[in-house]
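Each chain is listed here by its residues.
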Amino acid sequence: MADVTLITGSTLGGAEYVAEHLAEKLEDAGLSTQTLHGPLLEDLPIDGIWLLITSTHGAGDLPDNLLPLYEELKEQQPDLANVRFGAIGLGSREYDTFCGAVEKVETEMKACGAQQIGETLKINILDHDIPEDPAEIWLAEWKKLL
Ligand SMILES: Cc1cc2nc3c(=O)[nH]c(=O)nc-3n(C[C@H](O)[C@H](O)[C@H](O)COP(=O)(O)O)c2cc1C
């Protein structure tokens, strides 16, 4: 099992680029990683460390590729007491539902007993042309908490 499992939800690819960048940084720091774009529960280790990175679409909705996992968490309520997780959202302040998807995922992870490491980073793409930059800064602090 990898030290950190990165899980993405993305429609246009932005969250996937962020995940790939952060996976590289984690590997540089000597941690092993696995990156899964829109996995199902059965694809995931139910212990260890997850790093969830998702954009928001529709009106505060999850990207289509992360929706099945989110629904599994809601409906099956798997026991995630041995999972610790970090969370990053990509969104735009143009919307009232800024980063609504990552908030939903965070709530559901906690409802399943997972313990959050650090605070959720919400990246406003209007302020950051390159979302990898704030994500990398956040990661440097997050890594210290592992
Ligand atoms: C149709 C559409 C709806 C969106 N709705 C929201 C929203 O409700 N809240 C938000 O914070 N961002 C919203 N966004 C902004 C996206 O989350 C943002 O562009 C993000 O960088 C896309 O990342 P992705 O390439 O990983 O899908 C929306 C974007 C589009 C195109």
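Here, the structure is the one placed above.
Reading the values: rules and limits
- Residues numbered from 1 in each chain as written.
- Predicted model: local features only at pLDDT ≥ 70, side-chain atom pairs only at ≥ 80, totals over all residues.
- Heavy atoms only, no water.
- Near = heavy atom within 4 Å.
- Polar contact = N/O pair within 3.5 Å; in protein donor to acceptor, adjacent residues only side chain to side chain.
- Areas by Shrake-Rupley, 256 points an atom, 1.4 Å probe, with all protein chains shown as cover.
- Salt bridge = Lys/Arg side-chain N within 4 Å of Asp/Glu carboxyl O.
- Helix = DSSP H or I, 4+ residues; strand = E, 2+ residues; numbered from the N terminus.
- Buried < 20%, exposed > 50% of the residue type's maximum accessible area, 1.4 Å probe, protein only.

Asks: Tell me about the site of the ligand, and please be specific about residues and values.
Replies: If you check the shell around the ligand, you find 20 residues, and the closest are Ser10, Gly14, Ala15, Thr56 and Thr97. Residue Thr11 places a main-chain N or O atom 2.9 Å away from an oxygen atom belonging to the ligand. A distance of 2.8 Å separates an oxygen atom of the ligand from a polar atom in the side chain of His57. When the ligand sits alone it has 650 Å² of accessible area, and the protein chains cover 81% of it.

Asks: Go over the pattern of salt bridges, please, and point to the residues and values.
Replies: Pairing between side chains of opposite charge can happen when the charged atoms of each approach one another. Scanning the entire structure with this criterion turns up 4 salt bridges. Ionic pairing is found between Asp61 and Lys104, a salt bridge with its closest N-O pair at 3.8 Å. With Asp61 in the loop between strand E3 (48–55) and helix H2 (67–76) and Lys104 in helix H3 (residues 100–111), the pair connects residues that are 43 residues apart, well separated along the chain. Between Glu106 and Lys110 there is a salt bridge; the shortest N-O distance is 2.9 Å. One end of the pair, Glu106, and the other, Lys110, are both in helix H3, 4 residues apart, so they sit about a helical turn from each other. A relative accessible area of 42% places Lys110 in the partly exposed class.

Asks: Any details on unusual backbone geometry? Residues and values, ideally.
Replies: Comment: phi is negative for the bulk of residues other than glycine, and the bulk of peptide bonds are trans. Positioned with a positive phi, Gln77 is a non-glycine residue whose angle comes to about 45°. Note on Gln77: relative accessible area 38%, which makes it partly exposed. We note that Cys99 has phi near 55°; this positive angle belongs to a residue other than glycine. With respect to the helices and strands, Cys99 occurs in the loop between strand E4 (83–91) and H3. Classification of Cys99 by relative accessible area gives buried; the value is 1%.

This is a description of form; function is not addressed.
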